[in-house]
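Chain residues, written in single-letter form:
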Amino acid sequence: MSTVSEEQKIDAVRRLGVMSERHPELKRRLADSQLELAAVILTMDAVDERIQAGEAIHSLQEQAAVEQARDAHAQALADLLRGEH
């Protein structure tokens with residue numbers, strides 16, 4: 001359940017649009033971090049599938065990579081919203 005109102009979401013969309021135009025380099029950084037996050041999630045899922053198939057491996061490294069990529073994505077988003085480099 002979300003505690004964010006529709007008005008807050010609209011404000012966020014507006015702010016992202018404005019800041020993306022003002023700071024294209026930060027927009028690119030956000031897009032790169034999103035791609036990185038997607039890639040590590042897919043990698044973790046592949047390892048999890050191998051584990052479920054009975055392979056004796058651990059997914060700790062992949063889980064850590066997802067957390068690191070998630071944090072980098074969140075930071076890139078915050079930087080874009082704030083217009084910070």
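See the structure printed just above.
One structure accompanies this document, and this report is about it. (Residues numbered from 1 in each chain as written. Predicted model: local features only at pLDDT ≥ 70, side-chain atom pairs only at ≥ 80, totals over all residues. Heavy atoms only, no water.)

### Digging into the overall build of the protein chain
Which entries qualify depends on this criterion: Strands are runs of DSSP state E lasting at least two residues, helices are runs of H or I lasting at least four, and both sets are numbered from the N terminus onward. What the globule rule says is 2.2 Å times the number of residues to the power 0.38, and the radius of gyration is computed from C-alpha atoms.
Tallying secondary structure elements over the protein chain gives three helices and zero strands in all. Along the protein chain, from the amino end to the carboxyl end, the secondary structure elements read α-α-α. In terms of C-alpha radius of gyration, the protein chain reaches 17 Å, well past the compact-globule figure of 12 Å for 85 residues. With the C-alpha coordinates aligned to their principal axes, the bounding extent of the protein chain is approximately 50 × 30 × 15 Å.

### Considering the environment of P24
To keep things clear, this is the line we draw: Exposure is judged per residue with a 1.4 Å probe applied to protein chains only, and the accessible area is read against the type maximum: over 50% gives exposed, under 20% gives buried, and values in between give partly exposed.
By the element assignment, P24 lies in helix α2 (residues 24–52). With a relative accessible area of 36%, P24 lands in the partly exposed category. Spatially, the C-alpha atom of P24 lies 9.1 Å from that of L80, the residues being 56 residues apart in sequence.

### Looking at the packing of α2 against helix α3 (residues 60–82)
Packed helices, taken two at a time, are described by their axes: the angle between them and the distance between them. Inclusion rule: Think of each axis as a best-fit line through the C-alpha atoms, taken over the contacting stretch in the case of a helix, with angles from 0 to 180 degrees between the N-to-C directions. Angle categories: roughly parallel below 35 degrees, roughly antiparallel above 145, roughly perpendicular from 65 to 115, and oblique for all the rest. Crossings are assigned a handedness: left-handed for a near helix turned anticlockwise from the far helix by less than a right angle, right-handed for a clockwise turn. Ten residue types, Ala, Val, Leu, Ile, Met, Phe, Trp, Tyr, Cys and Pro, are classed as nonpolar, four, Asp, Glu, Lys and Arg, as charged, and the remainder, Gly among them, as polar.
Packing of α2 against α3 leaves a shortest axis separation of 8 Å and a crossing angle of 160°. By the criterion of interaxial angle, the relationship of α2 to α3 is roughly antiparallel. For the crossing formed where α2 meets α3, the hand is left-handed. Classifying every residue of the contact of α2 with α3 by side-chain character gives 14 nonpolar, six polar and six charged.

### Some points on the side chain of H23
Just so we agree on the cut-off: In this description, contact between two residues means that some pair of their heavy atoms is separated by no more than 4.5 Å.
For H23, the location among the structural elements is in the loop between α1 (6–22) and α2. In this structure, H23 is in contact with L80, G83 and H85, ignoring residues within four places of it in sequence.

### Brief notes about α2
This is how the line gets drawn: An expected span of 1.5 Å times one less than the residue number is assigned to each helix.
Between its first and last C-alpha, α2 extends 42 Å over 29 residues, near the 42 Å set by a 1.5 Å rise per residue. All of the buried residues in α2 are L26, L30, S33, L37, V40, M44 and V47. G54, located one to two residues past α2, shows a positive phi value of around 105°.

### Some details on the side chain of S20
By the element assignment, S20 lies in helix α1. Excluding its chain neighbours within four sequence positions, the residues that come into contact with S20 are K27 and L80.

Keep in mind these numbers describe shape, not what the thing actually does.
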